[in-house]
Amino acid sequence: MKNKILIVEDEKDVADLLQYNLEKEHYDTIIAYSGEEAVEAVRIHSPDMMLLDIMLPGLNGYDVCKSLRESSMGEGLPIIILTALSGEEARIKGLTLGANDYLSKPFSIKELLVKTRKWIDWQQVVKSFRDREQDHDTSMRYLVHELRNSLSVIGNFSKIALRKDDARKYLKTINIAAVRAEKILDDASLLGRLERGSGAFSTASIDFSALAEEAADMFRDMATKKGVEIVFMNKALRPVRANELATRQVLVNILSNAVKYNRDGGKVWIEFDETNQWVDISITDEGCGVPHHELARIFDKFYRAAGSERTKGTGLGLYIVKLLTEAMGGKITVMSNLTVGSTFTLSLKKEDQNDHEQAAKVKSQSA
Ligand code: ADP
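On a predicted model such as this, the values are computed, not experimentally measured, just so you know. (Residues numbered from 1 in each chain as written. Predicted model: local features only at pLDDT ≥ 70, side-chain atom pairs only at ≥ 80, totals over all residues. Heavy atoms only, no water.)

Let us look at the site of the ligand. For the ligand, the set of nearby residues contains 20 residues, the closest of which are Asn 257, Tyr 261, Arg 304, Thr 314 and Leu 318. Measuring from an oxygen atom of the ligand, one finds a side-chain N or O atom of Tyr 261 at 2.7 Å. Contact distances for the ligand include 2.7 Å between an oxygen atom and a backbone N or O atom of Thr 314. When residues of the shell around the ligand are traced back to their parent elements, those giving at least two are α9 (244-260), α10 (317-327) and β12 (341-349). (Near = heavy atom within 4 Å. Polar contact = N/O pair within 3.5 Å; in protein donor to acceptor, adjacent residues only side chain to side chain. Helix = DSSP H or I, 4+ residues; strand = E, 2+ residues; numbered from the N terminus.)

If you want it as structure tokens, here you go:
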């Protein structure tokens, strides 16, 4: 994506010259001819850098600089003021009000491009740092909120239970809240590791069918309570090369949703397929489906599609699925229809035939 530069200059010739040279270097540009237009353009376009003339009609360059720096608008936006060569005072005033750098008029195109590159690079570093911090803040707030909810259920219900002779019936709710709190902490620590990129996965030859059956067994009780049947259509003919724990977690998250979001008495179909380099497992449910316009977002962190409010969840399951699958070099796709249900397909690399034969040989020799 191209970086966006806001040119604030009331002299059309100068603005055009700046635009021409910046666009030649593949930057996108927006021109504002007054201070008011400049503030509005920052709000609407969120540019990556601003070239700001001082002498402007209405709000002048200093006013623009001051108002941007005093508000959260344009946070982290590099501002380069354009001043006359003789204007030392103007440069100092601009820098004092929060401009990052200056260009003297008449300016050299070479200097313009060098400074632009420098400040755009700086802005990108600051932006990625901010995004990471913000993401971390949101995650922390969310986790604290969820944990507090679970703990408050545990606290309140255990208090009631202590006063009652038939305390047993409250233990179930306490237990559900405790299990949920534990799951939230497990997810948080797994996420932390995945997002830090630590935990490069070791891979091994995996029997995809056996692993899927094991994962499905974990949901038999939950499925039976809903009258949902889990049906294996076939078996995987070939092993895959993947990380066992990560694959199990991915299958568990998808299967849990397939049962959770299914209709009462619905089915979950599990089918394997083989293409050139991949073995696919498709998990199809007969549930509520995901609205088409939300499909691309369900793998986002904390995203829950409309209509899922009545079903318990954190919006982390599919995000973890995506991180784990990508970390193993696999693929995850989804198709969904509101009247039919959803199909999640996980594709993992087929075990190399030679490795597979070698492994089988070693196994038979050691038997
Ligand atoms: P959650 O904890 O909310 O289930 P996930 O990350 O596992 O979080 O899923 C994100 C959202 O995607 C869910 O809130 C739900 O709206 C939608 N979703 C996931 N799987 C299914 C499914 N099998 N059927 C319908 N909707 C689903």
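And the narrative resumes.
With that settled, the discussion passes to helix α2 (residues 35-45). Turning to α2, its buried residues are Gly 35, Ala 38, Val 39, Ala 41 and Val 42. On an axial view of α2, the arc spanned by its buried residues comes to 160°, and they lie on one face. Away from its buried face, by an angle of more than 90 degrees, α2 presents the exposed residues Arg 43 and Ile 44. Tucked inside the fold, the buried residues of α2 contact β1 (4-8), β2 (28-32), β3 (49-53) and α3 (61-70). Where α2 ends, the next residue or the one after it, Ser 46, has phi of about 40°, a positive value. (Buried < 20%, exposed > 50% of the residue type's maximum accessible area, 1.4 Å probe, protein only. Arc of directions from axis to C-beta. Contact = heavy atoms within 4.5 Å.)

The buried count for strand β4 (residues 79-84) comes to five of six residues, which makes it a mostly enclosed element. Alignment of β3 against β4, held across four bridges, turns out to be parallel. In the strand pairing of β4, Leu 51 is matched with Ile 80. The handedness of the β3 to β4 crossover, carried by α3, is right-handed. Alignment of β4 against strand β5 (residues 101-105), held across five bridges, turns out to be parallel. Bridging from a neighbouring strand, Leu 82 pairs with Leu 103 of β5. (Pairing = 2+ DSSP bridges. Right-handed = clockwise from strand over helix to strand, strands pointing away.)

Moving on, we come to the pairing of β2. Across the five residues that make up β2, a large majority, four, are buried. Pairing analysis gives five bridges linking β1 to β2, with the strands arranged parallel. If you follow Leu 6 over to β2, its bridge partner there is Ile 30. In the classification by handedness, the crossover that spans β1, the intervening helix α1 (residues 12-24) and the parallel β2 is right-handed.

This brings us to the packing of helix α7 (residues 208-217) against α9. At a minimum axis separation of 9 Å, α7 and α9 run at an interaxial angle of 50°. Considered as vectors, α7 and α9 are oriented oblique to each other. Pair α7 / α9 crosses with right-handed handedness. The residues of α9 that touch α7, namely those facing Phe 208, Leu 211, Ala 212, Glu 214, Ala 215 and Ala 216, are Glu 244, Thr 247, Arg 248, Leu 251, Val 252 and Leu 255. Residues belonging to the contact of α7 with α9 are distributed by class as follows: eight nonpolar, one polar and three charged. (Axes fitted to C-alpha atoms, helices over the stretch in contact; angles between N-to-C directions. Parallel < 35°, antiparallel > 145°, perpendicular 65-115°, else oblique. Left-handed = near helix turned anticlockwise from the far one by under 90°. Nonpolar A, V, L, I, M, F, W, Y, C, P; charged D, E, K, R; others polar.)

Moving on to the packing of α9 against α10. Between two packed helices, the angle of one axis relative to the other and the distance separating the axes together describe the packing. Relative orientation of the contacting elements α9 and α10 amounts to 150°, with a least axis distance of 9 Å. Classified by the angle their axes make, α9 and α10 are roughly antiparallel. In this structure, the crossing between α9 and α10 has a hand that is left-handed. In contact with Ala 246, Gln 249, Val 250, Asn 253, Ile 254 and Asn 257 of α9, α10 contributes Gly 317, Leu 318, Ile 320, Val 321, Leu 324 and Thr 325.

Attention now goes to the sheet that holds β5. Strands in a sheet are paired, the pairing made by backbone hydrogen bonds, and the direction either parallel or antiparallel. Strand order in the open sheet formed by five strands is β2-β1-β3-β4-β5, with parallel pairing between adjacent strands. The sheet is open, and its two edges are formed by β2 and β5, each paired on a single side. Sheet twist, expressed as the average angle between the axes of neighbouring strands with direction ignored, equals 20°. Relative to β1, α2 is tilted by about 170°, and along the sheet it contacts β1, β2 and β3. Docked against the sheet, α3 engages β3 and β4, running at close to 145° with respect to β3.

This next bit is on the environment of Asn 149. Relative to the elements of secondary structure, Asn 149 occurs in helix α5 (residues 109-163). A C-alpha to C-alpha distance of 10.0 Å links Asn 149 and Arg 180, two positions 31 residues apart in sequence.

Membership of the largest hydrophobic core comes to 49 residues, with the highest contact counts inside it found for Phe 208, Leu 251, Val 268, Ile 281, Ile 283 and Ile 298. The greatest single-element share of this core, amounting to eight residues, is contributed by α9. Those residues in contact with Val 268 that lie beyond four places of it in its chain are Val 228, Glu 229, Ile 230, Val 231, Leu 255, Ala 258, Val 259, Asn 262, Ile 283 and Thr 284. Core analysis: the next-biggest nonpolar cluster, separate from the first, contains 21 residues, Leu 6, Ala 41, Tyr 62 and Leu 77 among them. (Core = buried A, V, L, I, M, F, W, Y, C linked by side-chain atoms within 4.5 Å.)

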